[in-house]
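# Reading the structure
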Amino acid sequence: MKPLRITLSALVLAAAAVGSAHAKDDMDVARLNGSLDQLARDPALSGYAQAEQARARDAIGRLAQARSRDRAHALYVAERRVDLAKATAQLQEAQIKVNQLDREHDQIQLDGTRREVEAARRELDRQRMQYQMAQEEAARLQQEGAAAQAQAVQAQAQADQARKLAAAQAKVANAAKRQADLATQAAKAMRSQMQGDSGK
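Residues numbered from 1 in each chain as written. Predicted model: local features only at pLDDT ≥ 70, side-chain atom pairs only at ≥ 80, totals over all residues. Heavy atoms only, no water.

This paragraph deals with the overall build of the protein chain. When its secondary structure is counted, the protein chain shows three helices and zero strands. Secondary structure elements in the protein chain, listed N-terminal to C-terminal, are α-α-α. A buried classification covers 13% of the 200 residues belonging to the protein chain. Considering only contacts within the protein chain whose residues lie at least 6 apart along the sequence, 67% involve residues at least 24 apart. Element-wise, carbon and sulfur atoms account for 58% of the exposed surface of the protein chain, whose accessible area totals about 15,800 Å². (Helix = DSSP H or I, 4+ residues; strand = E, 2+ residues; numbered from the N terminus. Buried < 20%, exposed > 50% of the residue type's maximum accessible area, 1.4 Å probe, protein only. Contact = heavy atoms within 4.5 Å. Areas by Shrake-Rupley, 256 points an atom, 1.4 Å probe, with all protein chains shown as cover.)

Here you go:
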């Protein structure tokens, strides 16, 4: 009677241990499935690492079917597969963000370069207009200088002509004066002669 009671107690304890181990198995499977479900529900990460998530689900399935002697290895593999799925999803999301930031950076640089080119083009147009205005001003001043030079030449010619005219007028005046002097002398000579003739 006593050995039977001991045997029954051992069987109850064994059943309890098996039940406890089975419950622990169920908790590990539920925990890992919960981690994968959380990853699948994450709007930022759910679209990434699909292959790794599938392999993690397979590993969890093998864990649920594993015999007690293989369970520790199956649990390790399942946990690593879940960790790998999470890490791969995070890495892929980070790579997408980095690529997006690179594109935005390139676009910002391109926009900056376009603005610099446009500013340089406007500056070139402004300098071209200033150069054209300077050329027009130089041409105008050159024309004014040429006109002033022509006026100076003309004024010089007029002055020369006036000097020549004044010299000719002076010659005429001198000739007229000499003629008048000669006429006066002739008149005096004539009077003297007439007076001499009347004295005889």
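What follows concerns the environment of A49. Note that A49 resides in the loop between α1 (2–41) and α2 (50–65). Counting along the chain gives 43 residues from A49 to Q92, while the straight-line C-alpha distance between them is 7.4 Å. Sequence-distant contacts of A49, that is, excluding residues within four places in its chain, are made with A85, T88, A89 and Q92.

We now examine the nonpolar core. Core analysis: the largest hydrophobic core is formed by 16 residues, its most contacted members being L32, L36, L39, I60, L63, A78 and V82. Those elements giving two or more residues to this core turn out to be α1, α2 and α3 (68–199). Among the elements that make up this core, the one with the highest residue count is α3 (six residues). For L36, the residues in contact, after removing those within four places along its chain, are Q53, A56, R57, I60, V82 and A85. (Core = buried A, V, L, I, M, F, W, Y, C linked by side-chain atoms within 4.5 Å.)

Take the pattern of salt bridges next. As enumerated under the stated definition, the model contains 16 salt bridges in all. With a closest N to O distance of 2.8 Å, R31 and E79 form a salt bridge. In this pair, R31 sits in helix α1 while E79 sits in helix α3, placing the two residues 48 residues apart along the sequence. One salt bridge connects R126 with E123, and the closest N-O pair in it is separated by 2.5 Å. A residue pair is termed a helical-turn pair when its members lie 3 or 4 positions apart in one helix, as R126 and E123 do in helix α3 at three residues. (Salt bridge = Lys/Arg side-chain N within 4 Å of Asp/Glu carboxyl O.)

The first and last C-alpha atoms of α2 sit 23 Å apart over 16 residues, in line with the 22 Å expected at 1.5 Å per residue. Of the residues making up α2, those classed as buried are E52, Q53, A56, A59, I60 and L63. Looking straight down α2, one finds that the buried residues subtend no more than 120 degrees of arc, so they occupy a single side. (Expected span 1.5 Å × (residues − 1). Arc of directions from axis to C-beta.)

Moving on, we get to the side chain of Q53. Here Q53 is to be found in helix α2. Discounting chain neighbours no more than four positions away, the residues touching Q53 are L36, L39, A40, L45, S46, Y48 and A85.

For T88, the position within the fold is in helix α3. Ignoring anything within four residues of it in the chain, the contact list for T88 reads A49 and E52.

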